[in-house]
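Each chain, written out:
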Amino acid sequence: MQQNPLTGRLILADVARGLALLTMAIYHFSWDLSWFGVVDWDVSGSAGWRLFAQLIAGSFLFLVGFSLVLAHKSGIRWESFWRREVKVAIAAIAVSVATYFIFQDQWVRFGILHSIVVSSLLALPFLRVHYVFALLCGAGVILLYHWLGDYVLPYRQFFWLGLNSLPEVSVDYVPLIPWFGPVLLGVGCGDILHRYNLLRFLRGSAFPSVISRCFAWFGRHSLATYLLHQPVLFGIVWAGVTAGVIGTSGDVQVRSFQQSCVMACSQTVDARQCEQACRCTSSEIKERGMWEDLLTRPNDADVREIAQQVFQVCLRR
């Protein structure tokens, strides 16, 4: 959270960011457990988990807009703004590079950090307008997403805008439509508190509790916390599974394989047909005694070729 010299540090704003980080860590840890087949939670596909992830992303982006008001409402501090932009942009590139090697086809092309970089720049003009306009525009961007429906423009070049009818397969995808909306809502709400001298209430108690100070510390170091928490959690689960301390479930592994298979297949084929073909593929691979090979050597060229052949046979049935 950036500091406004006119208001001083607003600890409750930092606490809010810290709480958002906690919920993100809970989601990512659950996703890691599901990814490694430790639990049978459908973190990637369940409507409830998707809603949880959307609420977390929305809260972060809302706080981005709110923070812009705190830092720049009385005049844009360009040096501070660009320093922050460059840091987040570098972090976004690092996330893209790391996920490209870890998740391959599902790497992060335009995740929440990319969205924060672009949204922060686009939101600057809204710092000079009345909060009603910012709130209406924020709500409008979100409604636009629902009005547009599934089809807009069939071009991959517009994936970062969200103007893309083709499904985007990524472990983190946060396009500007609708996610620029929460940023503008944060700008509008921040302007309300600024105009009516309500920001003082965010200073909290003169003697905050240990828990509040803890959340506030993480909130003040949100970028570093965001970048480090998932590698740490992912590494812990990976180490536990590798060492045999954390067990995996065969049923979970089958479901995870089928989910990944359907996700890749449905880009070009009807989803229902993909589900049938993927169930057939997992069953056929098991009957051939190659299931363990597929789990332990998923990137082996020979194993992948056989799995692809089985899938094509199943798809034609």
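Quick note: structure is the one above.
Quantities reported herein were computed from a predicted structural model and do not represent experimental measurements.

> Help me understand the pattern of salt bridges in this model?
Opposite charge on two side chains lets them pair, provided their charged atoms get close. Scanning the entire structure with this criterion turns up 5 salt bridges. With its nearest N and O atoms 3.7 Å apart, the salt bridge here joins glutamate 79 to arginine 83. Pair noted here: glutamate 79 and arginine 83 are both in helix α3 (residues 78-103), with a separation of 4 residues, about one helical turn. Here glutamate 79 falls in the exposed class, since its relative accessible area comes to 65%. Owing to a relative accessible area of 43%, arginine 83 belongs among the partly exposed residues under this scheme. In this structure, the salt-bridge partner of aspartate 191 is arginine 195, at a minimum N-O distance of 2.8 Å. Of the two residues, aspartate 191 and arginine 195 both sit in helix α6 (residues 176-195), 4 residues apart, roughly one turn of that helix. Taken together, the shared-partner salt bridges in this structure form one network comprising Lys73, Asp191 and Arg195.

> Help me understand helix α4 (residues 112-123), please; the structure alone is not making it clear to me.
Along an α-helix, residues three or four apart share an orientation, since each turn contains 3.6 residues. If you check α4, its first and last C-alpha atoms are 15 Å apart, about what 12 residues at 1.5 Å a residue would give, namely 16 Å. By the criterion of burial, α4 is predominantly enclosed, with 9 of the 12 residues buried. Turning to α4, its buried residues are Ile112, Leu113, His114, Ser115, Ile116, Val117, Ser119, Ser120 and Ala123.

> Would you mind showing me how to read the side chain of serine 30 here?
Mapped onto the elements, serine 30 comes out in helix α1 (residues 11-35). Once residues within four sequence positions are removed from consideration, serine 30 is found in contact with Trp41, Val43 and Trp49.

> What am I meant to see in the state of the cysteines here?
Any covalent bond linking the sulfur atoms of two cysteines counts as a disulfide. This model, assessed by the stated rule, comprises 3 disulfides. Two residues, cysteine 265 and cysteine 274, share a disulfide whose sulfurs are 2.0 Å apart. The disulfide joining cysteine 265 to cysteine 274 has a torsion of about -75° about its S-S bond and is therefore left-handed. Classification of cysteine 274 by relative accessible area gives buried; the value is 0%. Here cysteine 280 is linked by a disulfide to cysteine 314, with a sulfur-sulfur distance of 2.1 Å. Disulfide cysteine 280 to cysteine 314: torsion about the S-S bond roughly -65°, handedness left-handed. Of this pair, cysteine 280 sits in helix α10 (residues 271-287) while cysteine 314 sits in helix α12 (residues 301-316), and the two are 34 residues apart along the sequence.

> How do you make sense of the packing of aromatic side chains when you look at a structure like this?
The relative placement of two aromatic rings is captured by the distance of their centres and the angle of their planes. Across all of its chains, the model carries 14 aromatic pairs by this definition. Between tyrosine 27 and tryptophan 49 the ring centres are 6.1 Å apart and the planes differ by 55°, which places this aromatic pair in the tilted class. Here the residue tyrosine 27 occupies a position in helix α1, and tryptophan 49 occupies one in helix α2 (residues 47-72), the gap between them amounting to 22 residues. Each member of the aromatic cluster is reached from another via a ring pair, and the members are Tyr27, Trp49 and Phe52.

Thresholds, definitions, all that
Residues numbered from 1 in each chain as written. Predicted model: local features only at pLDDT ≥ 70, side-chain atom pairs only at ≥ 80, totals over all residues. Heavy atoms only, no water. Salt bridge = Lys/Arg side-chain N within 4 Å of Asp/Glu carboxyl O. Helix = DSSP H or I, 4+ residues; strand = E, 2+ residues; numbered from the N terminus. Buried < 20%, exposed > 50% of the residue type's maximum accessible area, 1.4 Å probe, protein only. Expected span 1.5 Å × (residues − 1). Contact = heavy atoms within 4.5 Å. Disulfide = S-S within 2.5 Å. Phe/Tyr/Trp six-rings, centres within 6.5 Å; stacked < 30°, edge-to-face > 60°.

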